[in-house]
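# Working through the structure, step by step
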Amino acid sequence: MASPLTADLAIIGSGSGNSLITPFWDDKKVVLADKGIDATGAFGGTCLNVGCIPTKMFVRPAHLARLPEEAARVGVNAQTLGADWAGIRDRIFARVDAISSGGRQYREELAHVELLSEKVTLTGTHSFRTASGQQVTAEQLVIAAGSRPAVPEVPGIGLEQVHTSETIMRLEEFPQRLLIIGGGYIACEFAGIFSGLGSEVTQLNRSQGLMNQLDAEIADAYSAQAEQNWTVRYQRTLAGVVERSEGGVTAHVVTSDGRAEEYDADVVLIAIGRVPNSDLVGAAEAGLDLHADGRIAVDAYQRVLAGGEPVEGLYALGDISSEAMLKHVANHEARVVAHNLENPGQLRTARHEAIPSAVFSHPEIAQVGLTQQQAMDQIGAEHVTVKTQRYGDTAYGWAMEDETGLFKIIADRRNGQILGAHAVGYQASNLIQPVVQAMSFGTDAYTAARGQYWIHPALMEVVENALLGLEVPVPADAPL
Ligand code: NDP
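Residues numbered from 1 in each chain as written. Predicted model: local features only at pLDDT ≥ 70, side-chain atom pairs only at ≥ 80, totals over all residues. Heavy atoms only, no water.

### Examining unusual backbone geometry
The residue after His362, namely Pro363, is reached through a cis peptide bond having omega 10°. On the secondary structure map, Pro363 appears in the loop between β19 (356–359) and β20 (365–369). The peptide bond linking His456 to Pro457 adopts the cis configuration, its omega dihedral lying at 0°. When you line up the elements, Pro457 lands in the loop between α12 (445–450) and α13 (461–468). At Met211, a position not held by glycine, the phi torsion is positive, near 50°. Relative to the assigned elements, Met211 resides in the loop between β10 (200–204) and α6 (216–229). Positive phi, close to 60°, is recorded for Gln427, a residue that is not glycine. Position of Gln427 relative to the elements: it lies in the loop between β23 (418–424) and α10 (428–431). You can call Gln427 partly exposed: its relative accessible area is 30%. (Helix = DSSP H or I, 4+ residues; strand = E, 2+ residues; numbered from the N terminus. Buried < 20%, exposed > 50% of the residue type's maximum accessible area, 1.4 Å probe, protein only.)

Structure, rendered in structure tokens:
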């Protein structure tokens, strides 16, 4: 067995954790442990290998394949003759796999970094053991071991036709019929991708409606469009999957009122949430505090809590500890942790306000801040002002002949403070950024609208009009 390793810094997880190895550590000893993505063993974490990056590389061709729908609205006859699944898949993973293996090689070649490509289990607050028995003790330790897809324990779940987001993008054959279980971010993104590329998609969700954590008006608008774009059924859970002799599978499904149904498909995608990997690293056994959903508890400095108290020199970041399982949040937390590791006497706090997110489905969704209901609950309905701007009532919306896009802003009518924004439609993820900026810098709604020029007639005028539609005070020195 290898002799014990002692490090100045040890990191569990090569996703956002990998970015902690700054030049500060060049003359120190760093250990980076990562078992790799389960399906492929890949280095670099979820976002790069099986998450944000490859999915968006599939979203783009799926969007282009749908262009004839948009073109027809403005009098252009276009036709999609099909999509080259194997070509798209191989192009995407040629790029992603090269970045992953290049990242691993770069770390392996650094003399001061020891890469352990194994599952590790905590043996204390500053130590862990690898599966092969290598003991590691570190002055400072960061747990950035991420999350994994939740999988229901039903018969047939292990069949090769049943996939999660970790495997579905590498399918050998394009599925003609895809059954998706779940109604959240991942289910809705893959429904958009596969239906765009030509699959017959059926999506089943447990509750009524899709994307139920969103503002209700936006979730309803999205669900209504999804129901037009592919088959959607609610109030259904998966009971089991069996293989069919003629190929493909039959999914056994139970409705909320107890009826049994069957769905035939080539492939089933399970997308019912993600589980933090705190159990895999043995966080509870090491005495670390956990939230009810399994996330490791941290303080504002990202220090891990044990018995309610922060442990010096022990940090967690990203999906394993964060309420928002989003790469841009993990990146921010990694910058905070990097600072705190290097400056233990001058700790900085992480900022978790005005966190935006987007669902790159068809249509696209984006959100930041409170929903209308949350705003009314927090400050009282009488203090809330809301404007929902239709894309179709702006100049660029006329150009698009858009009939479905919505941009909604919620503010405090007493002082113009923006509380949230929610969008569904073309480019929602980009359109929302000026509102994120205003919220982050404390700019009131009127100043955000009139304190800058908006390019006419860009689609961004949707946001300007939504801001101007709020019933908020006009500051005394407000620009005209
Ligand atoms: P989500 O938590 O977003 O949604 C889970 C969905 O699955 C809900 O609709 C839930 O239904 C449904 N569900 C749960 N259990 C069952 C079941 N047994 N049968 C049928 N449906 C079920 O999970 P995701 O896996 O989509 O995503 C996980 C997280 O990953 C997201 O919360 C997000 O933070 C992150 N992510 C972000 C992305 C982005 O930013 N673009 C993209 C992908 C992931 P119900 O409504 O009843 O609760």
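### Describing the site of the ligand
By nearness alone, 21 residues border the ligand, and Ile186, Arg206, Ser207, Gly273 and Ala358 come closest of all. Ile186 is positioned such that a nitrogen or oxygen atom in its backbone is 2.7 Å from an oxygen atom of the ligand. In the model, an oxygen atom of the ligand is placed 3.4 Å from a nitrogen or oxygen of the Gln213 side chain. Compared with its free state, where it exposes 920 Å², the ligand has 79% of that area covered by protein. Residue assignment for the shell around the ligand shows that the elements contributing at least two residues are α5 (185–197) and β12 (236–243). Top element by residues in the shell around the ligand is α5. It accounts for three residues. (Near = heavy atom within 4 Å. Polar contact = N/O pair within 3.5 Å; in protein donor to acceptor, adjacent residues only side chain to side chain. Areas by Shrake-Rupley, 256 points an atom, 1.4 Å probe, with all protein chains shown as cover.)

### Concerning the sheet that holds strand β22 (residues 406–412)
The strand order across the open sheet built from five strands is β19-β20-β23-β22-β21, with neighbouring strands paired in antiparallel fashion. The open sheet is flanked by β19 and β21 (384–390), the only strands paired with a single partner. Recorded for the sheet is a direction-independent mean angle of 10° between the axes of neighbouring strands. Relative to β20, β19 is paired through four bridges, and the arrangement is antiparallel. (Pairing = 2+ DSSP bridges. Axes fitted to C-alpha atoms, helices over the stretch in contact; angles between N-to-C directions.)

### A few points about the nonpolar core
Counting residues in hydrophobic clusters, the biggest one holds 42 residues, and the most contacted among them are Ile168, Phe194 and Tyr222. Looking at this core, the elements with two or more residues in it are α2 (52–65), α4 (85–109), β9 (177–181), α5, α6 and β15 (267–270). By residue number, the principal contributor to this core is α5, which donates seven residues. Apart from residues no more than four positions distant in its own chain, Tyr222 is found in contact with Cys188, Leu210, Met211, Trp230, Ser361, His362, Pro363, Ile365 and Val424. Core analysis: the next-biggest nonpolar cluster, separate from the first, contains 32 residues, Ala423, Ala428, Trp454 and Ala466 among them. (Core = buried A, V, L, I, M, F, W, Y, C linked by side-chain atoms within 4.5 Å. Contact = heavy atoms within 4.5 Å.)

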